[in-house]
Amino acid sequence: MPEISMFYGIRVTMYYDDHNPPHFHAEYNGNKIIVDIIKGKVIKGGFPSRQLKLILAWAIIHQDELMQNWELAKDGKLLNRINPLI
């Protein structure tokens, strides 16, 4: 599961053999979520409020890059790093 970004203690990853809808995984301090890339909403799991706001804002900013990585993952290709929130 390649790490595609890391910021404020939030680790963002994507699996190569994942299912639709297009999504990514995020982990913070033992909390895990799955976020729908297109809808910008949590599919599963939970984060503390502050970290949830950060990851959802990041997902909206980088939606195109996330979708590009989703397509690369489906094709089994190397994923691109995505800039963190700063």
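The structure this text deals with has already been given above.
Residues numbered from 1 in each chain as written. Predicted model: local features only at pLDDT ≥ 70, side-chain atom pairs only at ≥ 80, totals over all residues. Heavy atoms only, no water.

Novice: In this structure, what is going on with the pairing of strand β1 (residues 3-7)? I would like to understand it.
Specialist: The side chains of a regular strand alternate, first on one face of the sheet and then on the other. Alignment of β1 against strand β2 (residues 10-13), held across four bridges, turns out to be antiparallel. Along β2, the bridge assignment pairs Met6 with Arg11. (Pairing = 2+ DSSP bridges. Helix = DSSP H or I, 4+ residues; strand = E, 2+ residues; numbered from the N terminus.)

Novice: Got a minute to help me understand helix α1 (residues 49-61) in this structure?
Specialist: Structural remark: α-helix, 3.6 residues per turn; residues separated by three or four positions point the same way. The end-to-end C-alpha distance of α1, which contains 13 residues, comes to 19 Å, matching closely the 18 Å that a straight helix rising 1.5 Å per residue would cover. Buried within α1 are the following residues: Gln51, Leu54, Ile55, Trp58 and Ala59. In an axial view of α1, the angular spread of the buried residues amounts to 130 degrees, which keeps them on one side of the axis. Opposite its buried face, α1 presents the exposed residues Arg50, Lys53, Ile60 and Ile61, each directed more than 90 degrees away. Of the surrounding elements, those touching the buried residues of α1 are β1, β2, β3 (23-28), β4 (31-36) and α2 (63-74). (Expected span 1.5 Å × (residues − 1). Buried < 20%, exposed > 50% of the residue type's maximum accessible area, 1.4 Å probe, protein only. Arc of directions from axis to C-beta. Contact = heavy atoms within 4.5 Å.)

Novice: Before we go on, may I ask you to explain the pairing of β2 in this structure?
Specialist: Hairpin remark: β1 followed by β2, antiparallel, with two residues in the connecting loop; positive phi at Tyr8, about 45 degrees. Here β2 runs beside β3; their pairing, made up of four bridges, is antiparallel. Its bridge partner being in β3, Arg11 is matched across the sheet by Glu27.

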